[in-house]
Amino acid sequence: MSNIELGLWSFPILLGMIFLRVPIGLAMLVVGVTGSWLVTGTWNPVLAQFKNLTQSTFASYSLSVVPLFLLMGQFASISGMSQSLFRAAATWVGHRKGGVAIATVGACAGFGAICGSSLATAATMGQVALPELKRYGYSGALSTGTLAAGGTLGILIPPSVILVIYAVLTEQNIAKLFMAAFIPGFLAMLGYIVAIAIYVRISPESAGNRERAAYPERFRALLDIWPVMLLFLLVIGGIYTGVFTPTEAAAIGAVGTGLVALLSGSLNFRSFGAAMLGTASSTAMLFLIVLGAAALNTFLALSQLPQFLSAFVTEQGFNPWLILFIVLLLYLLLGCVMDSLSMILLTIPIIYPVMTTLDFGLPPEDFAIWFGILVLVVVEVGLITPPVGMNLFVINGLSRDTPLLHTYRGVLPFVASDLVRVVILAAFPAVTLYALHLFY
Amino acid sequence: MDSSLPGRIVHALARLIAIAGGAVLLVVAVITVISIVGRAFIWAGLTSIRGDFELVEAGVGFAVFCFLPWAHLTRGHAVVTIFTDALPPRVNAVLVILSDLLMLIIAAFLTWRHFLGMLDKMQYGETTLLLRFPLWWSYAAGLPGAAIFVLVALYVLVRSVAATAAGQPPIPQQGAIH
């Protein structure tokens, strides 16, 4: 078997293992290690590589931002900031039609600004917002749909763990990616608000009324969210302006959210331990996949499959936009069954080099950033696509009296809003790149 | 949770080292913040911490190794169960055992190679650029986590086999939280 064939065969084997519930990072490691052995015909290169690979992956400055952001998210979850965010949003827009659901989306966006992950945002905001939505007579379908969709704002609005990983994989600037994610994240929030507004007009019985809050109460609630504002300014502002490296910003975020949690009185011995263990689980999961991707990439590079595929696509002279459409569709489908990070680590090393050979009329760096944001957005749609999107399960698990089918129905308007946004972002790269060019 | 003596010991070890890793991660964050404050107040005679990024690398490396046992023990790794959910429990039990066996092999492989990597660094006497501490210290810091990871992988495999033999369903996945 030729090396290219080995490279090609590794994919069905890898996917087969993953679909037979082998942990994704483990499957990548196994295929990467055995693949390198088969291509080179000897164990020596693999054995030598793994004397340092684990250490250089785990003790890497560029990746150190990931556990720090995860720690920040853990502290943010217990800090009570989710409550104050929701209260602030609800006093301002809660009295409108569908207002409590709109407030939920706003609060999710706010929480996304201090938390880099979707499931954590969905779960944390779910605990706060679900009881309130129920109190004001919102249907289970609309409530769970809103929260599942709102949760995806956690990853779109910087900081975003997935964008960090994409930046490391494609050697792009994290600050620029975060900047580019800003407008799409904001559009996502607007799209969800529009979806809710339409939803409650078509189905008025699914939303109740909340009394209008007086202005003094509104401003008091707004004052309560100053820690969120301050942290966001420090962390994201620091990254944007280049005052801090991403790692430094994440360290400030972790210490800052930790302090807020401590001052709010919710940080005790027990919740501290839980935060540590939560950080441990998600960090280890991520780094096992990153290590697996490193092993897999070595094998793929040895097999020369990426070069072969790039050359093949160039030779055939396919329409770039058609390829982009197929790739995004693939991500959408994969996103329904696989978590977003594994998917990106699994596919970017192959797909990205191929995509860079296509001409979309953009400079290389602009293309890398635009494509990264597109992939991120599409992958996140997978998180809320019935029947398997993971956010749906997280939220449905929190809302015990809502049947899963209602959640499926409730999230559909949001999925539609997401798809519209994907089309806009894909058709008009300028939407993503505008903020970037404004500042850099 | 497994209430047998080995089960309790393995759980306690994994929890302890995970929390230790988390605490070091927090210390890394605090060191970084102190360094930033020092840098901001250079005019007032303060200074940033020399080689702070070397401490970050070493500390985060230690922490990630410490996190591996807990994630595996509590089934925290990302898996795709959508296709296997349709299969009978018996088949799933066998698949889980095979996965656990693979994890044990990889855990042992990683630990073995990491240990040899440490010996190499020791032999060549490599040091970090700024702080000049021997590089093998960082490698050595990863070893406790790696060793407990192997122990946990062995325990998890035995637990899965025992549960299957007793006809119990496998421990459900926590799934990915990120």
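J.: Report on the environment of Ala88(A), specifying residues and quantitative values.
T.: Residues and elements named next belong to chain A. Along the chain, Ala88 turns up in helix H6 (residues 81-93). For Ala88, a relative accessible area of 4% corresponds to the buried category. Residues Ala88 and Ala430, 342 residues apart in the sequence, show an inter-C-alpha distance of 33 Å. The contact partners of Ala88, leaving out residues within four places of it in the chain, are Ala221, Leu222 and Ile225.

J.: Mind laying out the interface of chain A and chain B, listing which residues take part and the relevant values?
T.: Taken together, the contact between chain A and chain B spans 64 residues of the former and 58 residues of the latter. Summing the contributions of chain A and of chain B, the shared interface buries around 5,500 Å²; its carbon and sulfur component is 76%. When the area that chain A buries against chain B is broken down by residue, the three leading residues are Arg21(A), Lys51(A) and Gln55(A), summing to 15%. Of the charged contacts, one joins Glu248(A) and Arg39(B) as a salt bridge, the two residues approaching to 3.0 Å between their closest N and O atoms. Take the side of chain A that touches chain B: its biggest share by element is 15 residues, from helix H16 (residues 269-303) of chain A.

J.: Which residues make up the side chain of Thr32(B), and what values do they have?
T.: Counting through the fold element by element, Thr32(B) comes out in helix H1 (residues 5-40). If we ignore the near neighbours within four places in the chain, the residues touching Thr32(B) are Glu248(A), Ala251(A) and Val56(B).

J.: Give me the state of the cysteines: which residues, what numbers.
T.: All names here are of chain A. For the coordinates displayed, the defined rule picks out zero disulfides over all chains. As a non-bridged cysteine, Cys108 has Cys115 as the owner of its nearest cysteine sulfur, 10 Å distant. Residue classification places Cys108 among the buried positions, given a relative accessible area of 0%. Judged by its relative accessible area of 1%, Cys115 is buried.

J.: Describe the nonpolar core, with residues and values.
T.: Note that soluble globular proteins tend to have their nonpolar side chains buried in a common cluster. Residues and elements named next belong to chain A. Counting 210 residues, the largest nonpolar core has Val66, Phe69, Met355 and Phe371 as the members making the most contacts within it. A per-element tally of this core places H16 first, with 17 residues. Residues within four places of Val66 in sequence aside, it is in contact with Val161, Val164, Ile165, Leu286 and Phe287.

Procedures and definitions
Residues numbered from 1 in each chain as written. Chains lettered and ligands numbered in written order. Predicted model: local features only at pLDDT ≥ 70, side-chain atom pairs only at ≥ 80, totals over all residues. Heavy atoms only, no water. Helix = DSSP H or I, 4+ residues; strand = E, 2+ residues; numbered from the N terminus. Buried < 20%, exposed > 50% of the residue type's maximum accessible area, 1.4 Å probe, protein only. Contact = heavy atoms within 4.5 Å. Buried area = accessible area lost by both parts, 1.4 Å probe. Salt bridge = Lys/Arg side-chain N within 4 Å of Asp/Glu carboxyl O. Disulfide = S-S within 2.5 Å. Core = buried A, V, L, I, M, F, W, Y, C linked by side-chain atoms within 4.5 Å.

That's the geometry; what it means functionally is another story.
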